[in-house]
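Overview (structure and organization)
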2 protein chains.
Amino acid sequence: MIPGHALKTLSEIVGPAHVKTAETFMLEYGADASRLTATPDAVVFPGSSRQVSRILILAAETGFPVIPRGAGSGMTGGAVPVQGGLVMAMRRFDRILAIDQDNFIARVEPGVITGHLQEAVEKVGLFYPPDPASLHISTIGGNVAECAGGLRAVKYGVTRDYVLGLKVVLPTGEIIHTGVQTMKGVAGYDLTRLITGSEGTLAVITAVTLRLIPKPAAKKTMIAFFLDVSAAVRTVAAIIRNRIIPSILEFLDRICIDCVRQEMGLNMPERSGAMLLIEVDGDEMHVASDVETIEEVCRRGRAIRFEAATGTEAADRLWEARRNVSPALFRLRPHKISEDIVVPRSRMPALSAFLDALTAAHGLPIAAFGHAGDGNIHVNIMLDREAPGQMETAGIVVKELFREVIRMGGTLTGEHGIGITKAPYLGMEIPPAGILLMSRIKDAFDPKGILNPGKIFPQKTL
Amino acid sequence: MIPGHALKTLSEIVGPAHVKTAETFMLEYGADASRLTATPDAVVFPGSSRQVSRILILAAETGFPVIPRGAGSGMTGGAVPVQGGLVMAMRRFDRILAIDQDNFIARVEPGVITGHLQEAVEKVGLFYPPDPASLHISTIGGNVAECAGGLRAVKYGVTRDYVLGLKVVLPTGEIIHTGVQTMKGVAGYDLTRLITGSEGTLAVITAVTLRLIPKPAAKKTMIAFFLDVSAAVRTVAAIIRNRIIPSILEFLDRICIDCVRQEMGLNMPERSGAMLLIEVDGDEMHVASDVETIEEVCRRGRAIRFEAATGTEAADRLWEARRNVSPALFRLRPHKISEDIVVPRSRMPALSAFLDALTAAHGLPIAAFGHAGDGNIHVNIMLDREAPGQMETAGIVVKELFREVIRMGGTLTGEHGIGITKAPYLGMEIPPAGILLMSRIKDAFDPKGILNPGKIFPQKTL
């Protein structure tokens, strides 16, 4: 609980219009895309780094949690105020501060929506590649806090690869700049990348310096169907072996294909055991030659159908299956648990066989789709939460999945983070000495433990 | 001083053949490429992570410093045992553990020489881009510890961008794996990138997992001369604006050009105020079209001479000036102080003018060359250490340089690190709150302060 005198001070810091305690706000700001909820004591909308600093000092003195929040589009509950306290919504930090066309750098506040930044830089011929599925609602600050990935990560990398520097407020109230405003820099410890992906537990981000690249002149979309996952994965490897890194290399398994075929009435080969959606970008000449090579590689890889889009409309049609896969899966069961595990690319066929075995053993359908190029697969365990025993079964399936993924040399999360949903499993991937070291780093930043408590680290109680 | 009983225990841990205290060893392992020296008490050559762990536990119990060391090619004194103690030479960790051609990953021990790894992966059509000038002697472990850059960083990024995971021994003795063996991963804090560039102060690296990419099929070298730095820098921006990121984009200023012309008798235009050495790579077709575009851009940018190499031999000839610039500078004065500052690319003409002003004010010639594509310029202050007052003057020049670089939005070091030579200046770039936070992170890893003490952080006494 935030005591009354602290609420009054909050009001003085940001102005009464920017502190909310009404129930509608508590509901909205108590939930995120994980569908988990909790009730904060208040929501604050700070307007400057200085205000953020004063709020954090107040929280440390008074002893209440502060939960920084972007758009609330996180998948693992990172923005859910599990221990109550103050949700700090960064909505007012919504300015693109600078797009430096000479140095290919953007400086933005954390509340800028990722898609808006992309439009703004593309207007001047530049490009910000990270493209999480949520890009039309999620914010740069949230993307940095989670180290968001996306479809283009296979060619262009993830958010981490574009963050040059940060302005942050430490939980102890200091406002500091980390990293650089230049293309390179190695002075001192890499606080920038330590804070990137720290899920709002180490510092509150108030400005971000991002690296941009030239916007590719052209792109082209292709789709290919295969009899099984092995054939598709061999083709992925063959494409890259031919020195082509597609900008997008997405995968759908048989269950996903069947769902979208039925749901959308799409014309897809009946025997398809795997689908690849491929996009290449670059200059016109290069894109054309890449498409030729990829068609040849797909045909040699025994694709049962291959199509290259001839225009924007045709490309849109090829995207239809991928775009609709997530909603189409609800044909199978009314609810789903979605995990974003990563395995070495070559282990994807083995993962696919393992998912079949899990379904056979436990009776819950499991659909896999996602980023074939980097082995980051969204595994969807379909269930009916109301049906007796299915939640428990799904819990067992998740644990068996994680165990196998670790055994294959993979990781629990490629882009969604640990948050609260994966915190109980972190110990499967990171041994006690690693978790202890991380908690000492947390203490170094946040000795009072006020910033986004209850996240990442396995909790005694939630 | 390491007490006798601890030396005896060391001997038991690694075997007597792998502990040295003879003077020749103390001399060799007390120096690095910074030309600074100090005398260790002993040198140890551990052969396993387990041995490293036992040594670190012994050091923490006994209370002596441990200085991890690769090839000793660091430029800022990172491997110099300034407080005595035990130099831990990682020479025996020299195996390439795996080159995974399916997943484009290499797993190597830290003592592997960077150039050897590059040859090994190129034999199977893969590519490890980071190419510090020292690559034929420096090791992967040292490159990771310093976050080494290189010529190809403008297109391919730095060491940090290729490190997926590490096996490290913490100063407290625990052996942990950080990061992932896959292309993506965001579980917990990013210890991998925190340790990368930490200059051997946080952990001892005993294995490295690296991302590889397909080897470009072709490359081509060009050289262009301009009347002044402004024209050269405008051309650099224009090349990138044309959506070409050259694999190499090196710069020499007038003083460097004059030195190599005189020293090597090279045929270079008399009026040249700046030279660009440009390399593009990719597939044959693309390289050919890039060369055409770059030639056009250079001519429009008023290049007074442009040459594209027609073969390997011709390319070698174009490289001659760049390769010989560092030794040729000693024509000016017998010694040099070399700083690897970074400024926003667009500020390079202003930096050049500032260097001229510094020379005019203080009388020491200053020659600048380096990585134009990312603004990472090696600034060489030429002097005669024996001449009265010149060392003091050089100190003033360095400080004025750093002050101006920071003012331009730059950084003290793009790839050499802070070590001991730049530690007194770190506070110019990072304010006290940032340095304090870094020192708390250091304490979180190394509560006894045994690992490479006296580095990075401004010292009361050295």
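Residues numbered from 1 in each chain as written. Chains lettered and ligands numbered in written order. Predicted model: local features only at pLDDT ≥ 70, side-chain atom pairs only at ≥ 80, totals over all residues. Heavy atoms only, no water.

1. Remarks on the overall build of chain A
Looking only at helices and strands, one finds 15 helices and 18 strands in chain A. Taken over C-alpha atoms, the radius of gyration comes to 23 Å for chain A, in line with the 23 Å a tight globule of 462 residues would show. Taken over 462 residues, chain A has a buried fraction of 61%. Relative to all contacts within chain A whose residues are 6 or more apart in sequence, the contacts with residues 24 or more apart total 73%. Accessible surface, chain A as shown: approximately 17,000 Å² in total, 51% of it carbon and sulfur. Taken as two groups, the 49 positive and 49 negative side-chain charges of chain A have centres that lie 2 Å from each other. (Helix = DSSP H or I, 4+ residues; strand = E, 2+ residues; numbered from the N terminus. Rg over C-alpha atoms; globule rule 2.2 N^0.38 Å. Buried < 20%, exposed > 50% of the residue type's maximum accessible area, 1.4 Å probe, protein only. Contact = heavy atoms within 4.5 Å. Areas by Shrake-Rupley, 256 points an atom, 1.4 Å probe, with all protein chains shown as cover. Lys, Arg positive; Asp, Glu negative; His and termini not counted. Charge placed at Lys NZ, Arg CZ, Asp CG, Glu CD.)

2. Regarding the side chain of A:Asn103
Counting through the fold element by element, A:Asn103 comes out in the loop between β5 (96-100) and β6 (105-108). According to the relative accessible area criterion, A:Asn103 is buried, its value standing at 4%. A polar atom in the side chain of A:Asn103 sits 2.9 Å from the backbone nitrogen of B:Arg345. There is a polar contact of 2.7 Å between the side chain of A:Asn103 and the side chain of B:Ser346. Those residues within four positions of A:Asn103 in sequence are excluded, and the remaining contacts are A:Met183, B:Pro344, B:Arg345 and B:Ser346. (Polar contact = N/O pair within 3.5 Å; in protein donor to acceptor, adjacent residues only side chain to side chain.)

3. Structural notes on the pattern of salt bridges
Enumeration over the complete set of coordinates arrives at 36 salt bridges over all chains. Between A:Asp190 and A:Arg193 there is a salt bridge, and its shortest N-O distance comes to 3.2 Å. Both residues of the pair, A:Asp190 and A:Arg193, belong to the buried class. A:Asp340 serves as the salt-bridge partner of A:Lys422, at 2.6 Å between the closest nitrogen and oxygen. Here A:Lys422, found in the loop between α13 (390-407) and α14 (426-429), pairs with A:Asp340, found in strand β16 (residues 335-342); they are 82 residues apart in sequence, far enough to count as distant. Of the two residues, A:Lys422 and A:Asp340, neither departs from the other in class, the shared state being buried. Among the ionic contacts, a cluster of salt bridges with common partners joins A:Arg160, B:Asp190 and B:Arg193. (Salt bridge = Lys/Arg side-chain N within 4 Å of Asp/Glu carboxyl O.)

4. Here's the deal with the relation of the copies chain A and chain B
The transformation that overlays chain A on chain B combines an axial shift of 0.0 Å with a rotation of 180°, and the residual RMSD is 0.0 Å. Expressed as a symmetry operation, the mapping of one chain copy onto the other fits a two-fold axis. Comparing interface residues between copies, 100% of those in chain A also lie at the interface in chain B; the contact surface is shared. (Least-squares fit on C-alpha atoms with pLDDT ≥ 70 in both.)

5. So, the pairing of strand β16 (residues 335-342) of chain B
Residue and element names in this part refer to chain B. Burial analysis of β16 places 7 of its 8 residues in the buried class, the great majority of the element. As judged from the 8 bridges shared by β16 and strand β18 (residues 376-383), these two strands associate in the antiparallel manner. The partner of Lys 336 across the bridge, within β18, is Met 382. (Pairing = 2+ DSSP bridges.)

6. Description of the domain arrangement of chain A
Each domain of chain A was delimited in the assignment, giving domain 1 (4-89), domain 2 (96-214), domain 3 (218-324) and domain 4 (332-416). One C-alpha centre belongs to domain 1 of chain A, the other to domain 4 of chain A, and the line joining them spans 33 Å. (Domains from an automatic or database assignment.)

7. Some remarks on the packing of aromatic side chains
Taken as a whole and judged by the stated rule, the model has 14 aromatic pairs over all chains. By the ring-pair criterion, three or more aromatic residues cluster together here, those being A:Phe25, A:Tyr29 and A:Phe45. It is A:Arg345 that lies over the ring of B:Phe104; its NZ or CZ is 5.2 Å from the centre. (Phe/Tyr/Trp six-rings, centres within 6.5 Å; stacked < 30°, edge-to-face > 60°. Lys NZ or Arg CZ within 6 Å of the ring centre and 35° of its normal.)

8. Quick look at the interface of chain A and chain B
Opposite the 79 residues of chain A that make contact, chain B presents 79 residues. Roughly 6,400 Å² of surface becomes buried between chain A and chain B when both sides are summed, with 63% attributable to carbon and sulfur atoms. On the surface where chain A and chain B come into contact, there are 6 salt bridges. Here B:Glu415 and A:Lys184 are joined by a salt bridge, their closest N and O atoms 2.8 Å apart. Linking chain A with chain B are 26 residue pairs in polar contact (both at pLDDT 80 or more), by the criterion used here. The element best represented in the side of chain A that touches chain B is helix α15 (residues 432-445) of chain A, accounting for 9 residues. For the side of chain A that touches chain B, the class distribution of residues is 36 nonpolar, 24 polar and 19 charged. (Buried area = accessible area lost by both parts, 1.4 Å probe. Nonpolar A, V, L, I, M, F, W, Y, C, P; charged D, E, K, R; others polar.)

9. Describing helix α3 (residues 49-62) of chain A
An ideal rise of 1.5 Å per residue puts 20 Å on 14 residues; α3(A) measures up with 20 Å between its terminal C-alpha atoms. Taken together, the buried positions of α3(A) are A:Ser49, A:Gln51, A:Val52, A:Ser53, A:Ile55, A:Leu56, A:Leu58, A:Ala59 and A:Ala60. (Expected span 1.5 Å × (residues − 1).)

10. Some thoughts on the packing of helix α8 (residues 229-241) of chain A against helix α10 (residues 284-300) of chain A
Residues and elements named next belong to chain A. Direction vectors running N to C along α8 and α10 enclose 145°, while the axes themselves pass 9 Å from each other. The element α8 and its partner α10 pack so that their crossing is right-handed. On the side of α8, the interface is formed by Thr 235, Ala 238 and Ile 239, while α10 contributes Ile 294, Val 297 and Cys 298. (Axes fitted to C-alpha atoms, helices over the stretch in contact; angles between N-to-C directions. Left-handed = near helix turned anticlockwise from the far one by under 90°.)

11. Brief notes about the pairing of β5(A)
Residue and element names in this part refer to chain A. As paired elements, β5 and β6 share 4 bridges and run antiparallel to each other. Residue pairing in the sheet places Ile 99 in a bridge with Ala 106 of β6. The antiparallel pairing of β5 with β6 creates a hairpin that spans 4 residues between the two strands, and Phe 104 there sits at a positive phi of about 60°.

12. Some remarks on the packing of helix α9 (residues 254-264) of chain B against helix α11 (residues 312-328) of chain B
All names here are of chain B. Contact geometry of α9 with α11 gives a least axis separation of 9 Å together with a crossing angle of 95°. Judged by the angle between their axes, α9 and α11 are roughly perpendicular. Two secondary-structure elements touch here, α9 through Cys 256, Cys 259, Val 260, Glu 263 and Met 264 and α11 through Glu 320, Ala 321, Asn 324, Val 325 and Ala 328. (Parallel < 35°, antiparallel > 145°, perpendicular 65-115°, else oblique.)

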